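# Per-entry structural report
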Amino acid sequence: MNRSALARRGRRATAVAGAVAVTTLALLPAGGALTAAAKPPGAKLCDTRANVTYQNVLDCVTVQGVLEHEQALQAIANANGGTRAAGTPGYEASVDYVVGTLEAAGWHVTIDEFPFVFVPPAQLQQVAPVSAVLQTGVFTGTGYGIVTGAVTPVDINLTPPREPVNSGCEAGDFAGFPVGNIALIQRGTCEFGVKAINAQAAGASAVIIFNQGNTPLREGLITGTLFGINQQPLTIPVVGASFADGAALAQAGSRARIQVDPPENRPQKNVIAELTGDNDANVVMAGAHLDSVQAGPGINDNGSGSSALLELAQTIKKLEPVNTVRLAWWGAEESGLLGSDAYVDELSQAEKDRIALYLNFDMVASPNYILMTYDGDESGWNAPAGVAIPDGSVAIEKLFERLYTKLGQPYDDAQFSGRSDYQAFIQSDIPAGGLFTGAEVPKTAAQQAVWGGTAGAQYDPCYHLACDTIANLSTTALDVNSDVIAAAVLTYAYSTQSVNGVAGAPVPGKFPLPAPAGPRGLINGDAGGLAPDHDHQSAD
């Protein structure tokens, strides 16, 4: 279906920014959150002038301003069961807040609606020999229903070092399995779907797959997909658990209750905002996903990128750009990059050709951060097989590197993995780049020496957890990255010549950018990538 240059047909949300902001900020718990300081003395000037130079914009984009938006998102989550996940009232309220803020700033805003299947949160309780509510989540491809029954462990290993075991990988593991019981299966050796199919064939009424527990990264709640070798959904519920909860469920006499409700069709929304430039045939896009996971409020992942873009939008609201500037707040990223994928998929080829580049900002304030930019030239990381890096992406990486160098900040490479909202753009050969401060991978001692923080702790210890709150932010990383985001968007609002050869104009004023200092080369394992972030695992 053809659509306008801005967005496909969709229902436009109505909101009033001031009312939303006042209401949500009033809901913040006393004493429990970071407090955004008052705007600087020049705030009134920032609000009235055009802010056309780097210095103007960097003076006016403040961490205090970004935190005001973060606080509003936290308050929205507080008022909606602790989450802003796609398909929930918390996400709808987040959309209303963003729309209201942008409309109050004078942007042209539309809602881009797309289909979405909402899977309600699963429930897992141990009902004997003790009573406890356990953290859980569903596996893609699960069956549905409410099951209460005895728990039967299947070839599990709770003894250190907890080496991998078959645990359900073979039909023989279920010899003598009591029909109707709940199968307790440990991660390891084979695909999750193989384990679950074998349990279903053996007569299990439900399946709990718990983490292996052999390393710190295999202690927490595990979920994933049952599709892989198996291509058919199961008919019984399949949920995940942490290693500790799996061990508790393995004790003699254990009984559990599992509830997995069927999915519902709940169309979701992207928010698209635009400032039309003199060259409307050359569009500069930047985006961040607005949704959280169901487990928590998502204030770093990805309230940080969303709030930085909102602060920028308020700062450049009077800008008359050379190129059209289009900002996006994506829905259902945590459910598989659905919002951005739907948006790009319905663009005509002519509309895609108008997009000069896309900048992605997903997790830019991790509390134990390192500063990273997507590695377009593959100097530190090879892109995964099948991930193409469009021409022009290297130029975007170099701009981010020059901006970090200008600000005196050390940086490193993040894998150009395609595992965030830029994926749909690069698949359409649109140059892309972005920033990232790390997720669940532990920081090394060498990285600690450069960026501070705590060696051995995750970059974001609250990644995809309930504790990803307003307290789960590095204001230093948020401050630096907000400036880098603002300067990059301003650069391309004037000219994208370095990316796609389309001449524009220099940004007014003097702001010489130095040559890149170069990445530190301290990435380790998955440290610089979005892997396994946003990855939908099917196997060990």
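Residues numbered from 1 in each chain as written. Predicted model: local features only at pLDDT ≥ 70, side-chain atom pairs only at ≥ 80, totals over all residues. Heavy atoms only, no water.

## Some remarks on the overall build of the protein chain
Regarding its fold elements, the protein chain presents 15 helices and 17 strands. The buried share of the protein chain, reckoned over its 540 residues, is 56%. Intrachain contacts of the protein chain at a sequence separation of at least 6 include 82% that bridge at least 24 residues. Per element, the accessible surface of the protein chain, about 19400 Å² overall, is 53% carbon and sulfur. (Helix = DSSP H or I, 4+ residues; strand = E, 2+ residues; numbered from the N terminus. Buried < 20%, exposed > 50% of the residue type's maximum accessible area, 1.4 Å probe, protein only. Contact = heavy atoms within 4.5 Å. Areas by Shrake-Rupley, 256 points an atom, 1.4 Å probe, with all protein chains shown as cover.)

## Things to note about the environment of phenylalanine 436
Looking at the secondary structure, you find phenylalanine 436 in strand 17 (residues 432-436). The exposure class assigned to phenylalanine 436 is buried, which follows from its relative accessible area of 0%. Spatially, the C-alpha atom of phenylalanine 436 lies 8.3 Å from that of alanine 365, the residues being 71 residues apart in sequence.

## Focus: the pairing of strand 7 (residues 206-210)
By the criterion of burial, strand 7 is predominantly enclosed, with five of the five residues buried. Neither face of strand 7 is left uncovered, since the one carrying Ala206, Ile208 and Phe210 and the one carrying Val207 and Ile209 both have all their residues buried. Bridge analysis of strand 6 (residues 182-186) against strand 7 gives five bridges, and the strand direction is parallel. Bridge assignment links isoleucine 182 to a residue of strand 7, and that residue is alanine 206. For the crossover from strand 6 across helix 6 (residues 192-201) to strand 7, the handedness is right-handed. Two strands pair when backbone bridges link them, and strand 7 and strand 8 (residues 238-241) are joined in this way by four bridges, in the parallel orientation. Bridge pairing in strand 8 places valine 207 opposite valine 238. (Pairing = 2+ DSSP bridges. Right-handed = clockwise from strand over helix to strand, strands pointing away.)

## A few points about the sheet that holds strand 11 (residues 268-275)
Pairing in this open sheet of eight strands is mixed, and the strands run 1-11-13-12-14-17-15-16 from one edge to the other. What marks the edges here is a single partner per strand, and that holds for strand 1 (108-114) and strand 16 (412-414). Neighbour-to-neighbour, the strand axes of the sheet open up by a mean angle of 25 degrees, direction not taken into account. Where helix 11 (residues 393-406) meets the sheet, its contacts fall on strand 14 (355-361), strand 15 (372-374), strand 16 and strand 17, and the angle it forms with strand 17 comes to roughly 35 degrees. (Axes fitted to C-alpha atoms, helices over the stretch in contact; angles between N-to-C directions.)

## Comments concerning the packing of helix 4 (residues 63-78) against helix 14 (residues 475-494)
In a pair of packed helices, the angle between the axes and the distance between the axes together describe the arrangement. Close contact between helix 4 and helix 14 brings their axes to 9 Å; oriented N to C, the two are set at 110 degrees. Looking at the two axes, helix 4 sits roughly perpendicular to helix 14. Judged by the sense of rotation from one axis to the other, the crossing of helix 4 with helix 14 is right-handed. Facing helix 4, whose interface residues are Val63, Val66 and Leu67, helix 14 presents Thr475, Leu478, Asp479 and Ser482. When the residues that make up the contact of helix 4 with helix 14 are grouped by side-chain class, the tally is four nonpolar, two polar and one charged. (Parallel < 35°, antiparallel > 145°, perpendicular 65-115°, else oblique. Left-handed = near helix turned anticlockwise from the far one by under 90°. Nonpolar A, V, L, I, M, F, W, Y, C, P; charged D, E, K, R; others polar.)

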